[in-house]
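Here's the letter readout for the chains.
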Amino acid sequence: MSARILGIESSCDETAAAVVEDGRRILSNVVASQVDIHRKYGGVVPELASREHLRSIVPVVREALQSAGLRFADLDAVGVTSGPGLVGALLVGVTYGKALAFSLGKPLIAVNHLEGHVRSVFLEAYRAGQELSLPAVCLIVSGGHTVLYEVTGADAAKPAADTLFRYRRIGQTRDDAAGEAYDKVARLLALGYPGGPVIDQLAASGRAPTEGGVRFGATKVKGNAYDFSFSGIKTAALYYLRAHPEWEPEIAARLEALARGERKAAQLLPLSSPDTLELLASFQRTVVAELVGRTLRAAEEPGRVPCWCPAG
């Protein structure tokens, strides 16, 4: 008989609910984003995030059940993100999940946000008809998290889908996460929030670094060779802009465009000089090289089977 579990997520600025059958089949997946609310602040405001979760959680869960063609009574368990995340935002999801599980007389499953990212890769693989194997090296790049884990199965005789995972942290960010660095550079250049999608799209139009242009060097981290650090690249971008006041007019023009609601990369591209696009391409290239390089080096250590699992 199939086991159907309702999953609830409220760790940051998205209220989400999904129904999964037998740990492999996604029956529904509903997400309510808060980007429009936090955009004018350039980042997530915890108090506003909590209030929006309160407004959204009931309709989001109802829609997830409706999309799955199920009633509350058809559920076998309720899973809810218990951390890490914003305390107030987590409290909304956990409280709702507890009340729902209690009223239904069903088990409540506390889910670690980061482990959810790992498991999501397996769900995508099953959808594509693939079976992933363990051990694996997993890179998580999600909002305020940039971390490398070694993932193994608790029971080597079972398929990866049917065993509990064991984790060993290999490396983590020493300061800013990759996503935070993207957002801060986007704010410096008046590219809106969130910065990741816009920077990646604009960077595709950037030329290779020219003589005298922006070149970000590789990060040097003392101690653990698998740790990340992205505050330096953000600071380098800040100092470069301070040294080039001639960029101020185009930054002001993009600020005016954002105020008019023109936030898409296609709308900001005509307002971005070749030098700006070069900076973005160099920034993107450096961040991605840091992520990929450390992940592959960790996977190449003896005894590991590489499985790169980016999430976010």
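Read on for a plain summary of the structure. Treat the numbers as computed from the prediction; the structure is a model and nothing was measured.

What to know about the pattern of salt bridges
Here's step 1: Scanning the entire structure with this criterion turns up 14 salt bridges.
Here's step 2: The closest approach of N and O atoms between Arg71 and Asp74, which form a salt bridge, is 3.2 Å.
Here's step 3: Residues participating in the shared-partner salt-bridge network are Arg4, Glu21 and Arg25.

Digging into helix H6 (residues 195-203)
Here's step 1: Of the positions making up H6, those classed as buried are Gly195, Gly196, Val198, Ile199, Leu202 and Ala203.
Here's step 2: Those residues of H6 that are buried lie in contact with helix H5 (178-188), helix H9 (265-268) and helix H10 (274-299).

Some remarks on helix H8 (residues 248-259)
Here's step 1: In a regular helix each residue adds 1.5 Å, so twelve residues correspond to 16 Å; H8 covers 17 Å between its end C-alpha atoms and thus fits that length.
Here's step 2: The secondary structure elements touched by the buried residues of H8 are H5, H9 and H10.
Here's step 3: Immediately beyond the C-terminal end of H8, within one or two residues, lies Gly261, with a positive phi of roughly 90 degrees.

Here we look at the sheet that holds strand S3 (residues 25-33)
Here's step 1: Pairing is mixed in the open sheet, where five strands are placed in the order S3-S2-S1-S4-S5. The open sheet terminates on both sides in strands that have one partner only, identified here as S3 and strand S5 (108-112). Here the strands of the sheet are splayed against their neighbours by 20 degrees on average, with no regard to which way each runs.
Here's step 2: Note that strand S4 (residues 77-83) and S5 share five bridges and pair parallel. Note that in S5 the partner of Gly79 across the bridge is Ile109.
Here's step 3: Helix H2 (residues 46-68) rests against strand S1 (4-9), strand S2 (14-21) and S3 of the sheet, and its axis sits at about 25 degrees to S2.
Here's step 4: Against the sheet, helix H3 (residues 87-104) makes contact with S1, S4 and S5, and its axis sits at roughly 160 degrees relative to S4, the strand it touches most.

So, unusual backbone geometry
Here's step 1: Looking along the chain, the bond that leaves Gly83 and enters Pro84 is cis, with omega of -10 degrees.
Here's step 2: If you trace the backbone, Pro84 turns up in the loop between S4 and H3.
Here's step 3: Each neighbour pair has its own omega, and for Tyr193 with Pro194 the value is -5 degrees, a cis peptide bond.
Here's step 4: Tracing the chain through its elements places Pro194 in the loop between H5 and H6.
Here's step 5: Residue Asp22 is not a glycine yet carries a positive backbone phi of 55 degrees.
Here's step 6: Within the secondary structure, Asp22 is located in the loop between S2 and S3.
Here's step 7: Take Asp22: its relative accessible area is 43%, and that puts it in the partly exposed class.
Here's step 8: Unusually for a residue other than glycine, Ala190 sits at a positive phi of about 60 degrees.

Details of the pairing of S1
Sheet faces and side chains relate simply in a regular strand, where the side chains alternate between the two faces.
Here's step 1: As defined by bridge partners, S1 adjoins S2 across six bridges and the pair is classed as antiparallel. If you follow Glu9 over to S2, its bridge partner there is Ala16.
Here's step 2: Joining the antiparallel neighbours S1 and S2 is a turn of four residues.
Here's step 3: For S1 and S4, the ladder comprises four bridges, and the chain directions are parallel.

A short note on the side chain of Glu250
Here's step 1: Mapping Glu250 onto the fold places it in helix H8.
Here's step 2: The exposure class of Glu250 is buried, given its relative accessible area of 15%.
Here's step 3: Among the polar contacts made by the side chain of Glu250, one reaches the side chain of Thr276 at a distance of 2.7 Å.
Here's step 4: Ignoring anything within four residues of it in the chain, the contact list for Glu250 reads Leu271, Ser272, Ser273 and Thr276.

A closer look at the pairing of S2
Here's step 1: Judged by how many residues are buried, S2 sits mostly within the fold: seven of eight residues are covered.
Here's step 2: As defined by bridge partners, S2 adjoins S3 across eight bridges and the pair is classed as antiparallel. In the strand pairing of S3, Ala16 is matched with Val31.
Here's step 3: Once S2 ends, the chain turns through three residues before running back antiparallel as S3, passing Asp22 with a positive phi of about 55 degrees.

Things to note about the sheet that holds strand S6 (residues 136-142)
Here's step 1: Sheet architecture is open: three strands sit in the order S6-S7-S8, paired in antiparallel fashion. Every other strand in the sheet has two partners, leaving S6 and strand S8 (165-172) as the edge strands with one partner each. On average, adjacent strands in this sheet sit at an angle of 30 degrees to one another, irrespective of strand direction.
Here's step 2: The sheet contact formed by S6 and strand S7 (residues 145-153) spans seven bridges and is antiparallel. Counted as the bridge partner of Ile140 is Val147 from S7.

Definitions and cut-offs
- Residues numbered from 1 in each chain as written.
- Predicted model: local features only at pLDDT ≥ 70, side-chain atom pairs only at ≥ 80, totals over all residues.
- Heavy atoms only, no water.
- Salt bridge = Lys/Arg side-chain N within 4 Å of Asp/Glu carboxyl O.
- Buried < 20%, exposed > 50% of the residue type's maximum accessible area, 1.4 Å probe, protein only.
- Helix = DSSP H or I, 4+ residues; strand = E, 2+ residues; numbered from the N terminus.
- Contact = heavy atoms within 4.5 Å.
- Expected span 1.5 Å × (residues − 1).
- Pairing = 2+ DSSP bridges.
- Axes fitted to C-alpha atoms, helices over the stretch in contact; angles between N-to-C directions.
- Polar contact = N/O pair within 3.5 Å; in protein donor to acceptor, adjacent residues only side chain to side chain.

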